[in-house]
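# Results of the structural survey
Here are the chains, one letter per residue:
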Amino acid sequence: MTSRFFKSSLLVAITLLFISCRGEKFDHQPVHPNMNMDQQERFEAQEQNRFFADGRGMRMPVEGTVARGNLREDKAFYQGISEDSSFVDEIPVTVNRSFLQRGQKQYETYCTPCHGSTGDGQGIIMVGRYGYVPAPSYHIDRLRNSEDGYIYSTIANGIRNMPAYAHQIDVEDRWAIVAYVRALQRSQYVPENEMQQYDVDLAALDQQYQQAQEEEMARQEAQSGGGGEEISAARGEQIYMQNACQTCHSQDGSDGIGPTHLNIFERTRQLADGSTVTADEEYLRESIVNPNAKIVEGYDPVMAPYSYLSDAEVQSLIEYMKTISDNQ
Ligand code: HEC
Ligand code: HEC
């Protein structure tokens with residue numbers, strides 16, 4: 001008896017279930033027992049609101065509003081500058097071993113392609129000759145003596161032809177990289193009297209260095225085919241463009257990061273140390289392979305040496321510069 005009743009009521013329930021599922025529209029709101037402020041009058045994003053004179057529903061934040069965690073009041077930490085707007089001398093963060101290792105990792109990710117893993121400016125971009133402006137070596141007095149805040153600013157804001165890395169590298173990591181750049185500089189430049197405290201055979205090191213230099217020169221010589229390379233103005237123009245000379249030097253007389261090359265040949269150059277020199281072949285050659293030897297007055301010493309160019313390439317560059325000069 002019970003089971004028959006149960007069966008028939010189950011049948012009725014199933015039937016009801018099916019006839020009530022016919023996708024008809026209800027004209028009343030669904031049952032919503034806990035309102036939780038789900039339905040209320042409000043303005044959607046970007047909606048108009050006539051209550052305000054400018055008709056905008058979205059209001060501007062009160063002037064001077066700073067999002068939580070974005071005050072960035074600490075100028076030394078966030079911008080690398082002190083109250084008097086000069087670069088901070090020292091990293092405003094405690095440097096320890098793990099911080100330095102963090103810097104190394106970040107440096108190798110972001111800087112090595114151009115600056116090289118020892119900071120000598122011979123990254124793959126240079127070695128592979130992709131036509132990018134050469135990055136300077138960190139192992140020069142100007143950069144050894146620069147403030148920590150200056151290196152920080154270079155990373156955050158970029159400099160001349162180097163792009164800014166603020167979007168990729170966060171503030172703390174930028175400082176970690178600065179610490180690592182300093183470590184690289186130390187690694188290549190320990191004063192001799194300090195070296196003597198350590199148990200290092202300086203004479204043997206020197207010999208190793210000389211040998212490496214000679215091997216490198218022999219390698220370059222072999223690579224350039226022992227002087228059988230073509231020298232011509234046309235080749236020089238190509239080399240000029242491929243090595244990004246035009247990003248700093250114009251050929252039409254206009255000023256750039258460096259002086260124009262229009263009419264450069266045989267012109268009298270005023271140097272920063274007060275002397276003058278004629279821009280003959282020798283001067284042009286030196287300006288390319290060792291640009292910091294003579295600095296043209298009114299310009300910053302920012303050209304990196306093009307030491308990887310072969311003699312024939314440098315000579316071709318000179319031939320090209322002659323063609324854009326009246327005094328050929
Ligand atoms: C895409 C190549 C490239 C990358 C990557 C790069 N740099 Fe540079 N960097 C350059 C070039 C090119 C210059 C020289 C710019 C000029 O003088 O026009 C330069 C210059 C510098 C200078 C010297 C500024 C001066 O006063 O001459 C420093 C310091 C420096 N970079 C640090 C870094 C650090 C640290 C990183 C990694 C976060 C980095 N760079 C990543 C290309 C690069
Ligand atoms: C990052 C910018 C930059 C790049 C790239 C660059 N130079 Fe320069 N160059 C300079 C600046 C700045 C000076 C002036 C300061 C000095 O004398 O070092 C200069 C000076 C010179 C001078 C001496 C000019 C004069 O008026 O007396 C010559 C020659 C020269 N560069 C050739 C080249 C050649 C060739 C290339 C490409 C292979 C090149 N430069 C790439 C910035 C650059």
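Okay, so let's go over this structure. (Residues numbered from 1 in each chain as written. Chains lettered and ligands numbered in written order. Predicted model: local features only at pLDDT ≥ 70, side-chain atom pairs only at ≥ 80, totals over all residues. Heavy atoms only, no water.)

## Re the overall build of the protein
From N to C terminus, the protein includes 13 helices and two strands. Computed over C-alpha atoms, the radius of gyration of the protein comes to 34 Å, more than 25% over the 20 Å expected from 2.2 N^0.38 for 328 residues, which places it beyond the range of a compact globule. Its C-alpha atoms give the protein principal-axis dimensions of about 115 × 60 × 50 Å. Among the 328 residues that make up the protein, the fraction classed as buried is 31%. If you take every contact in the protein between residues at least 6 apart in sequence, the share linking residues at least 24 apart comes to 53%. Accessible surface, the protein as shown: approximately 22600 Å² in total, 52% of it carbon and sulfur. Between the averaged position of the 28 positive side-chain charges in the protein and that of its 48 negative side-chain charges there is a distance of 15 Å. (Helix = DSSP H or I, 4+ residues; strand = E, 2+ residues; numbered from the N terminus. Rg over C-alpha atoms; globule rule 2.2 N^0.38 Å. Buried < 20%, exposed > 50% of the residue type's maximum accessible area, 1.4 Å probe, protein only. Contact = heavy atoms within 4.5 Å. Areas by Shrake-Rupley, 256 points an atom, 1.4 Å probe, with all protein chains shown as cover. Lys, Arg positive; Asp, Glu negative; His and termini not counted. Charge placed at Lys NZ, Arg CZ, Asp CG, Glu CD.)

## Some thoughts on the coordination of the iron atom of ligand 2
Reference values for angles at a metal are 109.5 degrees in the four-donor tetrahedral case and 90 or 180 degrees in the six-donor octahedral case. Those protein atoms acting as donors to the iron atom of ligand 2 are H249 (NE2) and M303 (SD), and they sit at 2.0 to 2.2 Å. When its relative accessible area of 13% is taken as the criterion, H249 is described as buried. Owing to a relative accessible area of 28%, M303 belongs among the partly exposed residues under this scheme. (Donors = N, O, S within 2.8 Å, 3.2 Å for Na, K, Ca; no water.)

## Brief notes about the site of ligand 1
Surrounding ligand 1, one finds 24 residues, the nearest of these being C111, C114, H115, Y150 and M162. R142 has a polar side-chain atom sitting 2.8 Å from an oxygen atom of ligand 1. R160 is positioned such that a nitrogen or oxygen atom in its side chain is 3.0 Å from an oxygen atom of ligand 1. Sorting the residues of the shell around ligand 1 by element identifies helix 4 (112-115), helix 6 (141-144) and helix 7 (148-157) as the ones contributing at least two each. The dominant element in the shell around ligand 1, judged by the number of residues it contributes, is helix 7, at four residues. (Near = heavy atom within 4 Å. Polar contact = N/O pair within 3.5 Å; in protein donor to acceptor, adjacent residues only side chain to side chain.)

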